[in-house]
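Analysis of the macromolecular model
Residues per chain, in single letters:
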Amino acid sequence: MTIPNINPIPTREHERIIRSFKLPFDKTGEDGISGDVCILVVQSMLITGFDAPVEQVMYLDNVIKGHNLLQAIARVNRVYKNKTCGFVVDYVGVLKHLRESLSIYADEDIEEIAQVVKYKAQSIDELRYISCQIDDFFKRNKIENWRDDVDACIDLLVDEETRNEFIMLVRRFNKAMDAVLPDPEGLKYAADLKILNFIKESARNRYRDDRLSIRDASRKIREIVEEYLVSKGVDPKIPPTPLFDDKFIEKIKKQRSSKAKAQELEYAIVEHINTHFEEDPEFYERFSDLLNRILKEYRENWEILALELEKIRKSMKEGRSAEVTFGFDPRKEMPFFGLLKREIFGKKPIEKLSNKDIDFLVDLTKDVIEITKRETEIVDFWENYTRQRQLKSYIISRLLSRLRPNNKTQPPEMMYMASESSEPYVTGIKKTWFKKRNEIAQKLIELAYHIYGEK
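Residues numbered from 1 in each chain as written. Predicted model: local features only at pLDDT ≥ 70, side-chain atom pairs only at ≥ 80, totals over all residues. Heavy atoms only, no water.

By size, the foremost hydrophobic cluster in this structure holds 38 residues, and its most contacted members are F138, W146, F166, F173 and I199. Elements supplying a minimum of two residues to this core: α5 (120–140), α6 (150–156), α7 (160–180), α9 (190–207) and α10 (219–231). When residues of this core are assigned to their parent elements, the largest contribution, eight residues, is made by α7. Apart from the residues lying within four places of it in its own chain, the contact partners of I199 are W146, V150, C153, I154, L157 and F166. Of all hydrophobic cores here, the second largest spans 33 residues; its members include L391, I395, I445 and L447. (Core = buried A, V, L, I, M, F, W, Y, C linked by side-chain atoms within 4.5 Å. Buried < 20%, exposed > 50% of the residue type's maximum accessible area, 1.4 Å probe, protein only. Helix = DSSP H or I, 4+ residues; strand = E, 2+ residues; numbered from the N terminus. Contact = heavy atoms within 4.5 Å.)

Next up, the structure:
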């Protein structure tokens with residue numbers, strides 16, 4: 001789009017074009033103007049006071065000096081999402097005499113500007129240097145030809161410290177490529193750019209680490225890389241397949257090695273447990289313990305480990321519906337039963353509890369759920385700290401009243417007013433429960449939030 005100085009464009013159209021230029025391509029302003037203008041050609045205008053952070057490249061074919069030169073450079077040096085630098089393409093040699101042109105400024109200002117401006121040759125040198133660092137990274141980790149051994153590169157990133165170093169190197173490489181391209185010197189590294197980001201995105205899917213996503217790269221780099229990734233079966237716009245999705249097992253079966261299958265299963269299970277732990281702490285703690293035991297027992301025996309991890313996935317997918325639920329809702333009520341069982345009886349399996357203990361837990365769970373449901377249905381309960389403290393007091397009172405031998409004779413209103421000072425009557429239950437009453441009540445309220453409070 002051109003704004004010539006002869007045959008001036010009407011002011012309104014002039015302003016519309018400038019506003020369009022300031023917008024990203026995929027955005028539309030509140031006034032209905034879309035960001036479809038990508039190039040402005042101007043003379044002696046849009047320098048002082050012109051603010052367009054999205055602008056990244058400026059072509060100079062006329063001499064600019066002093067204050068105007070500083071303003072021109074500043075136009076492409078504004079921070080913007082996924083914009084790593086600005087470019088000034090100098091056709092008349094203005095930047096070769098930058099210090100002379102800025103002689104009206106203080107020495108410290110000149111030095112600061114000079115440090116910001118990087119010449120193309122310097123950017124190319126940086127790209128070569130980072131490329132050598134990447135080669136050295138893989139050689140230090142016993143991968144001589146990383147370009148032809150992508151699977152080994154992905155396996156290498158299982159170690160978090162190694163993964164962090166790799167992420168840092170690839171980010172620097174992407175940034176250097178962004179600064180050099182489309183210079184032919186940068187095209188020499190285009191294949192490496194694609195392979196490195198394929199390793200990065202593949203490792204993201206296996207290890208469920210979003211820091212490995214290419215979203216942090218510039219738009220230019222993403223456009224170069226994304227088509228290649230999709231052709232390889234990796235779409236960076238689609239997050240890793242959820243653990244319980246049928247497509248997840250299909251994807252696992254396509255892995256070429258048992259090690260890759262086991263690792264992808266392991267990290268998908270860990271991610272699911274971490275994401276949903278607060279919704280049912282006792283349930284997911286059991287599976288976390290089971291996962292750790294299996295990993296320890298079958299580590300390096302990848303084929304058996306993969307099979308055992310598939311069993312864990314299946315059991316987790318079935319959830320509490322596959323367990324005895326004592327008439328409780330598996331998703332919204334059994335988590336309370338599980339939490340109370342863990343806090344009172346520890347990690348003792350439910351099968352090893354006596355009928356008396358189970359009956360006690362069932363009755364106590366019903367009490368807690370009844371109180372919690374009633375209180376949390378109050379409007380704005382989760383924004384009202386006073387009501388939350390009141391619920392905690394009610395829960396503590398109910399816990400204590402359940403431990404008293406005469407609780408059946410107490411009038412209903414006394415259930416909430418039981419004294420906390422007297423030593424409770426305990427049969428088959430550790431006395432430490434009395435000491436943990438505040439902690440247990442707080443955990444029950446936090447669980448209630450994740451079940452009833454989150455929208």
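That shown, we press on.
Taken together, the side chains of V57, Y59 and Y91 present a nonpolar region at the surface, about 350 Å² in accessible area. Note that V57 resides in strand β1 (residues 57–60). Given a relative accessible area of 34%, V57 falls into the partly exposed group. (Patch = residues over 30% accessible without salt bridge, like charges linked within 9 Å, V, L, I, M, F, W, Y side chains within 5 Å. Areas by Shrake-Rupley, 256 points an atom, 1.4 Å probe, with all protein chains shown as cover. Salt bridge = Lys/Arg side-chain N within 4 Å of Asp/Glu carboxyl O.)

The next point concerns the pattern of salt bridges. All told, the structure shown has 38 salt bridges when counted by the stated rule. Across the pair R211 and D209 runs a salt bridge, and its minimum N-O distance is 2.7 Å. Classification of R211 as partly exposed rests on a relative accessible area of 33%. With a closest N to O distance of 2.6 Å, E282 and R320 form a salt bridge. Residue E282 is found in helix α13 (residues 281–298), and its partner R320 is found in the loop between α14 (302–318) and α15 (334–345); the two are separated by 38 residues along the sequence. Residue E282 is classed as buried on the basis of its relative accessible area of 5%.

The next point concerns the environment of N82. Turning to its location among the elements, N82 is positioned in the loop between α2 (66–75) and β2 (87–90). Residues N82 and R219 lie 137 residues apart in sequence; the distance between their C-alpha atoms is 6.7 Å.

The step from L181 to P182 runs through a cis peptide bond, and the omega angle for that step is 10°. One can find P182 in the loop between α7 and α8 (184–187). Phi angles above zero are rare outside glycine, and K142 is one such case at about 65°. Within the element layout of this structure, K142 appears in the loop between α5 and α6. Of the residues examined, K142 reaches a relative accessible area of 74% and is grouped as exposed. Within the chain, R208 stands out as a residue other than glycine whose phi angle is a positive 55°. As for its position among the elements, R208 is in the loop between α9 and α10. A relative accessible area of 13% places R208 in the buried class.

Turning to the confidence of the model for the protein chain, a few remarks are in order. Residues with a pLDDT of 70 or more make up 83% of the protein chain, whose mean pLDDT is 83. Here residues 1–6 is a poorly scored stretch, pLDDT under 50, and it has 16 contacts once near neighbours within four places are set aside; other chains count. The low-confidence segment residues 406–428 (pLDDT under 50) makes 35 contacts with residues lying over four places distant or belonging to another chain. (pLDDT = per-residue confidence, 0-100.)

A full pass over the atoms with the stated rule returns 14 aromatic pairs. Relative to W382, the ring of F381 lies with its centre 4.8 Å away and its plane at 85°, an arrangement referred to as edge-to-face. Here F381 matches W382 in class, with each residue buried. Three or more aromatic residues link up through ring pairs in this structure, and these residues are F137, F138, W146 and F166. (Phe/Tyr/Trp six-rings, centres within 6.5 Å; stacked < 30°, edge-to-face > 60°.)

On to α10, then. Between its terminal C-alpha atoms α10 stretches 19 Å, which fits the 18 Å expected from 13 residues at 1.5 Å a residue. Where α10 bends most, the angle comes to about 30°, and this point is V225. Listing the buried residues of α10 in full gives I221, R222, V225, E226 and L229. Just past α10, the residue G233 takes up positive phi, approximately 85°. (Expected span 1.5 Å × (residues − 1). Bend = angle between axes of the 7 residues up to and from the residue.)

Our next topic: the packing of helix α16 (residues 355–376) against helix α19 (residues 437–453). To characterise two packed helices, one gives the angle between the axes of the helices and the distance between these axes. Across the interface, α16 lies against α19 with an axial gap of 11 Å and an inter-helix angle of 60°. Here α16 is positioned oblique relative to α19, judged by the angle of their axes. Between α16 and α19 lies a crossing of right-handed hand. Here V368, I369, T372, K373 and T376 of α16 lie close against α19, whose contacting residues are L444, A448 and Y452. (Axes fitted to C-alpha atoms, helices over the stretch in contact; angles between N-to-C directions. Parallel < 35°, antiparallel > 145°, perpendicular 65-115°, else oblique. Left-handed = near helix turned anticlockwise from the far one by under 90°.)

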